[in-house]
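Structural description and commentary
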Amino acid sequence: MKKYRFALLLLTGLLACTAAAPVSAAMTAADTEDISPYRPANAAGFATTYNLIDQTVYEGTWLETGYGFDLYLPKDWKTITITDELAADGLVFGLTDPEEKWGFSLFRTPAEQLDGATIESLYEQLSAAPETYANCSYETVNDIHVLVYDNLAENSAGILFFDADSNLYSIIFTPADDVDFVPYRRNLFLSITATQLIEVESETESLTAEP
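All residue numbers refer to positions counted from 1 along the written sequence of the respective chain. Confidence filtering applies because this is a predicted model: local features only for residues at pLDDT of at least 70, side-chain atom pairs given and counted only at 80 or more, and all residues used for totals across whole chains, interfaces and linings. Calculated side-chain values reflect all of the structure's heavy atoms, with hydrogen atoms and water omitted.

**Overview of the overall build of the chain**
- Numbering of helices and strands starts at the N terminus; helices are DSSP runs of H or I of at least 4 residues and strands are runs of E of at least 2. Each helix and strand counted, the chain has three helices and 15 strands in total.
- The buried label goes to any residue with under 20% of its type's maximum accessible area, the exposed label to any with over 50%, and the partly exposed label to all in between, with areas taken from a 1.4 Å probe on protein chains only. Within the span of the chain, comprising 211 residues, buried residues form 49% of the whole.
- Residue pairs at least 24 apart in sequence account for 57% of intrachain contacts in the chain once pairs closer than 6 positions are excluded.
- Of the roughly 10700 Å² that the chain leaves accessible, carbon and sulfur atoms contribute 48%. Contacts: residue pairs with any heavy atoms within 4.5 Å of one another. Accessible surface area values rest on a Shrake-Rupley calculation with a 1.4 Å probe, where residue burial reflects the displayed protein chains alone.

**What to know about the nonpolar core**
- Here, nonpolar core means buried Ala, Val, Leu, Ile, Met, Phe, Trp, Tyr and Cys residues that are tied together by side-chain atoms lying within 4.5 Å of each other. With 33 residues, the main nonpolar core has Phe-104, Ile-159, Phe-161, Ile-171, Phe-173, Phe-189 and Ile-192 as its most contacted residues.
- Elements with a contribution of two residues or more to this core: strand 5 (60-64), strand 6 (69-74), strand 8 (91-96), strand 9 (103-109), strand 11 (144-151), strand 12 (156-162), strand 13 (168-174) and helix 3 (182-190).
- The contact partners of Ile-192, leaving out residues within four places of it in the chain, are Asp-70, Leu-71, Val-141, Asn-142, Ile-144, Ile-159, Phe-161 and Ile-171.

**Quick word on the sheet that holds strand 7 (residues 78-79)**
- If you walk across this open sheet you meet the seven strands as 7-8-9-13-12-11-10, and the pairing is antiparallel. Two strands lie at the open edges of the sheet, namely strand 7 and strand 10 (133-141), each paired on one side alone.
- Strand pairing is assigned whenever DSSP identifies at least 2 bridges connecting the two strands. As judged from the five bridges shared by strand 11 and strand 12, these two strands associate in the antiparallel manner. Bridge pairing links Asp-150 to Ala-157 in strand 12.

Dropping the structure here:
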């Protein structure tokens, strides 16, 4: 069993959290130069939508998060245990691959804890610390406006976006420097869709449904 950690970094008006993942060395900006985890190479000129998901990467299932958006997740990944402490930090869901090399976590920060933060203000905060945050950019996926970035100190990659009620969602991938993880990260990014935006043949699982 590998050792896992959860590191919390408190920025001004932003709670940024790292995913459940094996401890690994910090990366540098050079490590990320050739990594393009959010736009498929053959998708130039096309809108960034779930239609670009590469279903050969993994056998997946659609998860209804209960927060207004769905995700297409690998079926064979393992759910992590969320302790009371982690739940208090905003962690609502986490997965690791079967070999426990890669981690995916979803955090939610209520609007009342954000002091009016916006995508633009978060971009300014991250961009102001280039020694820690790299590749900060705006993206739009399935008509959802997001901010993507790499955390060099934690060797993680993040996606930030708000819902209509100004609650903040943070998706964290670790590690960010493993090129074999890139196709998974890309699929997960492309799958961020408004609930009921798409129809799927199989039954969609729910994160917040009553047992």
